[in-house]
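Read off the chains here:
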Amino acid sequence: MKRENNLVLSLLFFVIVFLMQVGEAQNRITNVNVGIVNDIGTAYSNMTLLCINMSLSDFYSSHPETQTRLVTTVVDSKNDVVTAAAAALDLITNKEVKAILGPWTSMQAQFMIEMGQKSQVPIVTYSATSPSLASIRSQYFFRATYDDSSQVHAIKEIIKLFGWREVAPVYVDDTFGEGIMPRLTDVLQEINVRIPYRTVISPNATDDEISVELLRMMTLPTRVFVVHLVELLASRFFAKATEIGLMKQGYVWILTNTITDVLSIMNETEIETMQGVLGVKTYVPRSKELENFRSRWTKRFPISDLNVYGLWAYDATTALALAIEEAGTSNLTFVKMDAKRNVSELQGLGVSQYGPKLLQTLSRVRFQGLAGDFQFINGELQPSVFEIVNVNGQGGRTIGFWMKEYGLFKNVDQKPASKTTFSSWQDRLRPIIWPGDTTSVPKGWEIPTNGKRLQIGVPVNNTFQQFVKATRDPITNSTIFSGFSIDYFEAVIQAIPYDISYDFIPFQDGGYDALVYQVYLGKYDAVVADTTISSNRSMYVDFSLPYTPSGVGLVVPVKDSVRRSSTIFLMPLTLALWLISLLSFFIIGLVVWVLEHRVNPDFDGPGQYQLSTIFWFSFSIMVFAPRERVLSFWARVVVIIWYFLVLVLTQSYTASLASLLTTQHLHPTVTNINSLLAKGESVGYQSSFILGRLRDSGFSEASLVSYGSPEHCDALLSKGQAEGGVSAVLMEVPYVRIFLGQYCNKYKMVQTPFKVDGLGFVFPIGSPLVADISRAILKVEESNKANQLENAWFKPIDESCPDPLTNPDPNPSVSFRQLGFDSFWVLFLVAAIVCTMALLKFVYQFLKENPNQRNLRVLWEKFNEPDQKSYIKDVTKCQCSSGQGMPKNGQEGANAVNNGN
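On a predicted model such as this, the values are computed, not experimentally measured, just so you know.

### Considerations on the pattern of salt bridges
Right, so step 1: Under the criterion given, the structure shown has 15 salt bridges.
Right, so step 2: Among the ionic pairs, Arg-216 bridges to Glu-213, the shortest N-O distance being 3.3 Å. With Arg-216 and Glu-213 both in helix α8 (residues 207-219) and three residues apart, the pair spans about one turn of that helix.
Right, so step 3: Looking at Arg-216, the relative accessible area reads 32%, which means it is partly exposed.
Right, so step 4: Residue class for Glu-213 comes out partly exposed when judged on its relative accessible area of 22%.
Right, so step 5: Ionic pairing is found between Asp-714 and Lys-746, a salt bridge with its closest N-O pair at 2.9 Å. One end of the pair, Asp-714, is in helix α23 (residues 710-719); the other, Lys-746, is in the loop between α24 (733-743) and β29 (747-754), with 32 residues separating them in the sequence.
Right, so step 6: Of the residues examined, Asp-714 reaches a relative accessible area of 13% and is grouped as buried.

### Some details on the nonpolar core
Right, so step 1: One finds Ile-159, Phe-237 and Trp-253 to be the most contacted residues of the largest nonpolar core, which totals 114 residues.
Right, so step 2: Mapped onto the domain boundaries, this core takes at least three residues apiece from domain 1 (30-146 + 310-337 + 349-375) and domain 2 (150-285 + 383-427).
Right, so step 3: Beyond its immediate chain neighbours, meaning those up to four positions away, Phe-237 contacts Val-170, Ile-201, Ile-210, Leu-214, Met-217, Leu-229 and Trp-253.

### Let's talk about the packing of helix α3 (residues 81-93) against helix α4 (residues 106-119)
Right, so step 1: Closest axis-to-axis distance for the α3/α4 pair is 8 Å, and the angle between their directions is 25°. The orientation of α3 relative to α4 falls into the category roughly parallel. Considering how the two elements wind past one another, α3 and α4 form a crossing that is right-handed. Along the contact surface, α3 presents Val-81, Ala-84, Ala-85, Ala-88, Leu-89 and Ile-92, while α4 presents Met-107, Gln-108, Phe-111, Met-112, Met-115 and Ser-119.
Right, so step 2: Looking at the contact of α3 with α4, its residues break down into ten nonpolar, two polar and no charged.

Reading the values: the criteria
- Here the residue numbering is sequential within each chain, running from 1 through the sequence in written order.
- Per-residue local features of the predicted model are confined to residues with pLDDT of at least 70, and side-chain atom pairs are confined, for both listing and counting, to 80 or more; whole-chain, interface and lining totals are unaffected and use all residues.
- By convention in this description, side-chain values take in all heavy atoms of the structure and omit both hydrogens and water.
- The working definition used for a salt bridge is a side-chain nitrogen of Lys or Arg within 4 Å of a carboxyl oxygen of Asp or Glu.
- Every helix listed is a DSSP run of H or I at least four residues long, and every strand listed is a run of E at least two residues long, numbered separately from the N terminus.
- The classification of residues rests on relative accessible area computed with a 1.4 Å probe and restricted to protein chains. Under 20% of the type maximum is buried, over 50% is exposed, and intermediate values are partly exposed.
- Buried Ala, Val, Leu, Ile, Met, Phe, Trp, Tyr and Cys residues form a nonpolar core when they are joined through side-chain atoms within 4.5 Å.
- Note that the domain bounds were set by an automatic or database domain assignment.
- Contact criterion: two residues are considered in contact whenever any of their non-hydrogen atoms come within 4.5 Å of each other.
- Between N-to-C directions, angles cover 0 to 180 degrees, with each direction set by a line fitted to C-alpha atoms, over the stretch in contact for helices.
- In these notes the angle categories are as follows: under 35 degrees is roughly parallel, over 145 is roughly antiparallel, 65 to 115 is roughly perpendicular, and the rest is oblique.
- Here a crossing is called left-handed whenever its near helix is offset anticlockwise from the far helix by less than a right angle, and right-handed whenever the offset is clockwise.
- Classes in brief: Ala, Val, Leu, Ile, Met, Phe, Trp, Tyr, Cys and Pro nonpolar; Asp, Glu, Lys and Arg charged; the others, Gly included, polar.

In structure tokens form, the structure reads like this:
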């Protein structure tokens, strides 16, 4: 019993000690006043206030050792800028709050930030997202949310991925709506995306005013819209868009996170009007703390929805509690103006002595909050990931993510190694259901649905009618256009995946420059003609890719370089070769006679006979085999070499003479533009573009002559400069094809001195049609359609003229060159060496047989005597006795036959 009493006394003692410690702790806790400015009574306001209360409760229950407690004072701003400012003034002046949470909107925050800067009271907002607030540059302003401009890079990547070229922003006409526009414009310019117009919706716009803006949007060609509206206005906007017909196939709507972050609190009717739109949503990473918080929220507030703004309010309150705890409780006073002075309440605003310390601790605070990593960098939270959603069914379906380092990717846990330049959208995002319940990616631009057709200007007076030809319909009295340019444009239109309605409008009030300028003035939507792509025209219009070859060709007359005459047969060989050949004939005959004279009866006889035999033998080799046989070895070697030399010489002569007699050797009269400039000769030009290039090259005005048609050009070239014509003309390569198709036997293109991009179709600057038309041109070029059109319109009038583009020289200039000694000197050298060797061998043998003879007369007589010791002589006698090889020349040969020898 005694032991039990002691136990009770001990427990009672410990309870008394604990209560005394608690009392002492309570006495040490300091209350710090904090104000909350919010639009009381709205759904999002109630949600954020509940999150703030839960944050304080959770913080102090998990941190019982803290020495400070936040005491909140909630003031209703009544969704009004002035009321919010008055509420903040009251909190600072009368409640002496050390910080303010809120307000909700960016417009309300603008004046409060100035007030906080002056009074050194930090303003911590969790919902004011306008980028314009950063321009105030107040160090006492903290944004516990994301700046709206942080999501524009994700929007840019979406637009870039699908290749849309025009985007029309839709935003509310206030500080919140306008704040995102400068940065959005900048990032779209980085990828050459044009903003043709903007749709600005008043915050207090009626349904009729919204309908008027939507109808205007429908009549314009842009079909990609970036929507930056507050929730209530966005709901009304899309309801009207669905009613009018702007939520059908072909339209693209991209929402900012202002709308996508609150999709969870929208009703089914509102979600139904947004089916198929894309959106950038704030990414909240999963965590155990977040799941636990959602579970507690659902149990405590089952009828209230939770979104990211509630999480930011929770984290902002936690951050403020941490910062105040770290800042301590010293200098919690305000220094006020002298009360004796007659100043207004605003002018007499006090200055918090606690503010500078709290500013430092708030800047350093960092923890893992419910919405992710919480840290102020330059007074703001910095996003690392955005979620890409597709509104489908009852809410937003996640189709991908965006991160600065990687761009767009499908799964947040499986990031790509790096940004890939060339990839399809399917590699980056999950399947998308677009407006109109379709999976086909919208083109982003189309002809308006208000019945307007493209007005296309076409020149009536065209020099080369193969490109554009205008004829008058006798029945309807309308102008009908045909030609290569017209047919090519129609083939391109068929290759575009959407319909384009257009009308050809005749233009006859000026040249091509005037026609192109009409597009700049807005009279025409395009020009279809043989329009040259030039730099000065590109200053006020856009061109498609060229649909013809490029370049400017120099066309000049050609003449036959061979003069036809009765002595043309002498032209194949040079005079030197003629003389050397004739001399060689005599030398070869003489050498063969020397070698055969003593052993061959065919080379014996009277002097006159022997001389004729020398010439007869050597010249007869050219046309037939001579009747004289060659018996000695060295004579046969000489004849064989001579046979080969004569064969090569005669064949070459025959080929050269045949070329002279049968082929025209056409040569251009001018080879390049520099020679024209040096000689000061006249030059014809076709267009103002070529005229400008000629002037820049140094040609004088007096030497430049304009021509108006192929026939006129031919007349000028035929006359020549001496008769008032021109020495050459410059025309673009597509026209060269037509001109040489008519006059290929008279002219040729020798040079392309100037570069030009060819012929293209003309559109206004920034027209999305330029990209689609250019892609379609590539499709037509890669198909057989382009060849069919070229064959149909560029078939040469003269059938003997080949295509000058595939064969730029239809009559190739064969430069005739006479055959000279330099072409055959090797053969002549070999023949000379063989002849020399044969003669030396003969002289050596002859002197050997007559070693003691020095008298030339005696040696000559010995030379004229037959060689009785020669084996060849004995063979000849044997052949003669058998009736073979009887000598037919000379008296001795005749007597030998008669005597039977």
